[in-house]
Amino acid sequence: MTTPLAAKIAREYGTPCAVIDMDKVERNIARVQANIKTHKSPLLARMQIEAGAKGITCQKLGEAEVMAEAGIGDILISYNLLGEEKMARLGALQAKANMTVAADNSVVIAGLPQAASASGRPLSVVVECDTGRRRAGVETPAEAVALAREIAASKGLTFAGFMLYPTETGWAEAQKFFDAALAGIRAHGLDATMVSTGGTPNLKNVGKLKGATEHRPGTYIYNDRMQVAAGVASWDDCALNIYSTVVSRAGADRGILDAGSKTLTSDTGGGLDGHGLILEHPEAKIARFAEEHGFLDLARSNTRPQVGDVVRIVPNHVCVVVNMMDEVMMVRGDAIIGTLKVAARGKLR
């Protein structure tokens with residue numbers, strides 16, 4: 001069944017369409033504030049800061065440039081930056097905002113003084129530590145200490161502390177890593193004024209790392225099917241839905257949506273069954289994609305949509321979905337209140 005709001009959106013704007021419920025966004029922000037990787041919007045970043053966030057986190061320089069241009073003045077780039085072109089851009093950013101960057105190797109650290117020199121003031125650097133995710137980050141406390149000393153000895157750089165992203169069940173191990181690294185740097189006259197933990201799935205663990213000074217959740221502002229599966233959000237906390245029209249019911253147990261891989265992406269969200277949850281038909285499965293087609297498997301669904309129905313889909317991984325959009329629709333209740341440009345969309349470097 002198509003809701004009145006869904007019918008209005010389909011009539012006035014068409015589908016597929018990304019729609020954010022601003023009441024839910026504000027409620028999510030009130031719970032936690034900090035990271036822009038999901039929404040990529042200066043307006044929402046300002047809402048986070050007004051709600052108490054000390055600054056924002058970006059993954060890429062391009063995102064940080066959009067945020068600094070909008071007046072955001074305290075930015076962490078949680079990603080290794082390499083190359084003269086990026087150092088020139090980082091130096092320009094550092095001249096207008098308080099920048100902190102992460103590093104997990106000597107090659108990255110060796111390039112950062114160029115950015116500090118260009119800005120005319122010291123650049124803060126945190127050491128990224130791998131505490132179980134096997135992504136980026138040094139693997140041992142000894143490596144973390146060595147890099148901290150290297151940063152402190154580099155002209156124009158200030159060692160600021162450590163950045164960690166523990167697994168949801170690995171906080172005891174992360175504590176041991178951090179304690180050893182902290183003792184190691186203190187033995188050399190250094191200290192960690194910034195100890196940053198991360199991840200929306202870890203919201204239930206905030207405060208567990210003794211000595212942490214901040215947490216970097218990102219997805220929480222919208223939430224998605226992954227966060228519901230992780231137990232840190234409910235369906236009612238999912239502020240962004242894809243509104244999609246059923247365009248075909250060629251068989252009793254199958255159908256086609258007008259939202260395919262170009263809208264919902266092929267990200268399975270770490271092994272979730274299907275490519276999103278249809279709120280009106282939760283037993284239905286978005287089984288596979290073509291670029292413009294979402295293939296519905298209705299074999300297990302007690303209710304089945306009809307051609308022309310507009311359904312609401314909670315994406316598996318909302319961060320990837322938002323990066324596919326030039327703009328999203330904003331609503332409150334049954335009212336459409338405007339569109340929001342995804343200003344940092346496509347900033348891959």
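**Comments concerning the pattern of salt bridges**
Throughout the structure, instances matching the rule amount to 21 salt bridges. Here Lys 96 makes a salt bridge to Glu 69, at a shortest N to O gap of 3.7 Å. Note that Lys 96 is positioned in the loop between helix H5 (84–94) and strand S4 (98–103) and Glu 69 in helix H4 (residues 61–69), a separation of 27 residues in sequence. Taken as a pair, Lys 96 and Glu 69 share a single burial class, namely exposed. Where salt bridges share partners, they join Lys 24, Arg 27, Asp 236 and Asp 237 into one cluster.

**Describing the layout of surface pockets**
Considered as a void within the structure, the largest pocket measures approximately 820 Å³ in volume. The wall of the largest pocket is formed by 37 residues, among which Lys 37, Gln 59, Arg 135, Tyr 165 and His 317 lie closest to the centre. Elements that contribute at least two residues to the lining of the largest pocket include exactly strand S6 (157–164), helix H9 (225–230) and helix H11 (318–322). In terms of residue class, the lining of the largest pocket is made up of 11 nonpolar, 15 polar and 11 charged. Considering the residues around the second largest pocket, the lining is formed by 27 residues, among which Lys 54, Gly 55, Thr 213, Glu 214 and His 215 are closest to the centre. Contributing elements (two or more residues each) for the lining of the second largest pocket: strand S2 (56–58), strand S3 (74–77), S4, strand S7 (194–198) and strand S8 (214–216). Looking at the lining of the second largest pocket residue by residue, the classes come out as 12 nonpolar, 11 polar and four charged.

**Some remarks on the packing of aromatic side chains**
Going through the model one piece at a time under the given rule, you end up with two aromatic pairs. Between the aromatic rings of Phe 159 and Phe 162, the centroid separation amounts to 5.5 Å while the plane-to-plane angle is 70°, which identifies the pairing as edge-to-face. Each member of the pair Phe 159 and Phe 162 is classed as buried. Ring centres 6.2 Å apart and planes at 80° place the aromatic pair Phe 162 and Phe 178 in the edge-to-face group. With Phe 162 in strand S6 and Phe 178 in helix H8 (residues 171–186), this residue pair connects regions lying 16 residues apart in the sequence.

Procedures and definitions
Residues numbered from 1 in each chain as written. Predicted model: local features only at pLDDT ≥ 70, side-chain atom pairs only at ≥ 80, totals over all residues. Heavy atoms only, no water. Salt bridge = Lys/Arg side-chain N within 4 Å of Asp/Glu carboxyl O. Helix = DSSP H or I, 4+ residues; strand = E, 2+ residues; numbered from the N terminus. Buried < 20%, exposed > 50% of the residue type's maximum accessible area, 1.4 Å probe, protein only. 1 Å grid on protein atoms, 1.4 Å probe; cavity = no way out; pocket = protein on both sides within 12 Å on 5 of 7 lines; lining within 4 Å. Points joined across faces, edges and corners; volume = space filled by probe spheres on them. Nonpolar A, V, L, I, M, F, W, Y, C, P; charged D, E, K, R; others polar. Phe/Tyr/Trp six-rings, centres within 6.5 Å; stacked < 30°, edge-to-face > 60°.

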